[in-house]
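An overview of the molecular structure
Listed below, chain by chain, are the residues.
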Amino acid sequence: FTWRPDSGVAPRESKNESTPLMVHGTLYFSTSLNRDVVAADAATGKQKWRWHQDEAVRAAVAPRRGSGRGVSYWTDGKDERIFVVTPGYRLVALDAKTGAMVPGFGTDGVVDLKMQIGVPLDPDKAVIGSSSPPLVFDDILVIGPALEVGSRPVSYRNVPGRILAIDARTGKLRWRFNTIPTAGEFGVETWENDSWQYTGNAGAWAPLTLDPARGWLYLPVEAATGDYYGGHRLGNNLFSTSLVCVDIRTGKRIWHYQIVHHDIWDYDPPTAPILANITVDGKKIEAVVQLTKQSVAYVFDRVTGKPVWPMVEKPVPAS
């Protein structure tokens, strides 16, 4: 190899899933258990700057600790910023040239994402985070949350995994999409006995996908609390274990398809949706493909949301 970066700050990580970004000859990536951000010369590996933050209590309860999957880059042609979501679920804006926190963004360069979810919670105890970098479109940053693995949840109550859109210039909330609908919203009737009021999870921990020509965002939404039991949340439970298309400028739902109704098998989508142009029976289709843990590729017309091939649902005996 030509060069190898040193993790530099203890505690060191045992693995790194970060995908570096290269901008004008500089590599930007996240590293270490604290999710430090490093800027390095792409040719030599020489470190240009490093950003580090100790989140103490919030890091200790974080569901997605470690380096994460990387950082995001934004520019308006003048300012250049690197964005990272910390293990403690803070969105931080850094000057791409210096690594300094951007004072005009949020509070001294930080937006507390836990306080943008829209439900009462203790930010030092609420178990929600993200391992994927924000998706960037124009001056909008979209964050899909990850929550504690739901195999054996301590309670049927949990933090809802709402999708947040933040203004890249100011740090203000642009919109919030409730993956578990609230009173009066489409789909709330699929949560029987008002179970939407306390059920959590239904985040989007896999990376998100954007159709930039339309400004349409595709969300791979995970299962609700918990992965293997749903006796406290009867009904189909929209929009858990679903592919949801929303307008990235407004957060309004365009279409959705629930891959598993009332998921109690942990069959939530584990990958970013794939955009592909395909030809079927001589017809050109702009498609979106969602891979699943069932080893099935769900293929939809990404404009209409209609399945490209029939998806037949058959009733089965209850067990």
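These remarks concern the structure in this document. Remember, it's a predicted structure, so these values are computed and weren't measured experimentally.

**Observations regarding the overall build of the protein**
Of the regular secondary structure elements, the protein holds one helix and 21 strands. In terms of overall dimensions, the protein is globule-like: its C-alpha atoms have a radius of gyration of 20 Å, near the 20 Å expected for 319 residues. Projected onto its principal axes, the C-alpha positions of the protein cover 60 × 50 × 35 Å. Residues counted as buried form 52% of the 319 residues belonging to the protein. Across the protein, the fraction of contacts at a sequence separation of at least 24, relative to all contacts at a separation of at least 6, is 55%. For the protein, the exposed surface amounts to about 15100 Å²; the carbon and sulfur share of it is 53%.

**Side note on the side chain of S240**
Along the chain, S240 turns up in the loop between strand 16 (216–221) and strand 17 (242–247). Of the polar contacts made by the side chain of S240, one reaches the backbone oxygen of N237; its length is 2.6 Å. In contact with S240, other than residues within four places in its own chain, are T179, V221, E222, A223, A224, Q258 and V260.

**Things to note about the sheet that holds strand 18 (residues 253–258)**
The four strands lie next to each other as 15-16-17-18, forming an open sheet whose pairing is antiparallel. One side of each edge strand has no neighbouring strand; the edge strands of this open sheet are strand 15 (209–211) and strand 18. Adjacent strand axes in the sheet meet at a mean angle of 20° when their direction is disregarded. In this sheet, strand 17 lies alongside strand 16 in antiparallel orientation, the contact comprising six bridges. Following the sheet pairing, W216 is matched in strand 17 by D247.

**Remarks on unusual backbone geometry**
Of note, the bond from T225 into G226 is cis; its omega dihedral lies within 30 degrees of zero at -15°. Here the residue pair L238 and F239 is connected by a cis peptide bond, since its omega of 5° sits within 30 degrees of zero. Inspection of the secondary structure puts F239 in the loop between strand 16 and strand 17. The phi dihedral of R35 is positive, around 60°, even though this residue is not glycine. Here R35 shows up in the loop between strand 2 (26–31) and strand 3 (36–41). By relative accessible area, R35 is classed as buried at 2%. The residue N201 is not glycine, and still its phi comes out positive at about 65°. With respect to the helices, strands and loops of the structure, N201 is situated in the loop between strand 14 (173–177) and strand 15.

What counts and how
Residues numbered from 1 in each chain as written. Predicted model: local features only at pLDDT ≥ 70, side-chain atom pairs only at ≥ 80, totals over all residues. Heavy atoms only, no water. Helix = DSSP H or I, 4+ residues; strand = E, 2+ residues; numbered from the N terminus. Rg over C-alpha atoms; globule rule 2.2 N^0.38 Å. Buried < 20%, exposed > 50% of the residue type's maximum accessible area, 1.4 Å probe, protein only. Contact = heavy atoms within 4.5 Å. Areas by Shrake-Rupley, 256 points an atom, 1.4 Å probe, with all protein chains shown as cover. Polar contact = N/O pair within 3.5 Å; in protein donor to acceptor, adjacent residues only side chain to side chain. Pairing = 2+ DSSP bridges. Axes fitted to C-alpha atoms, helices over the stretch in contact; angles between N-to-C directions.

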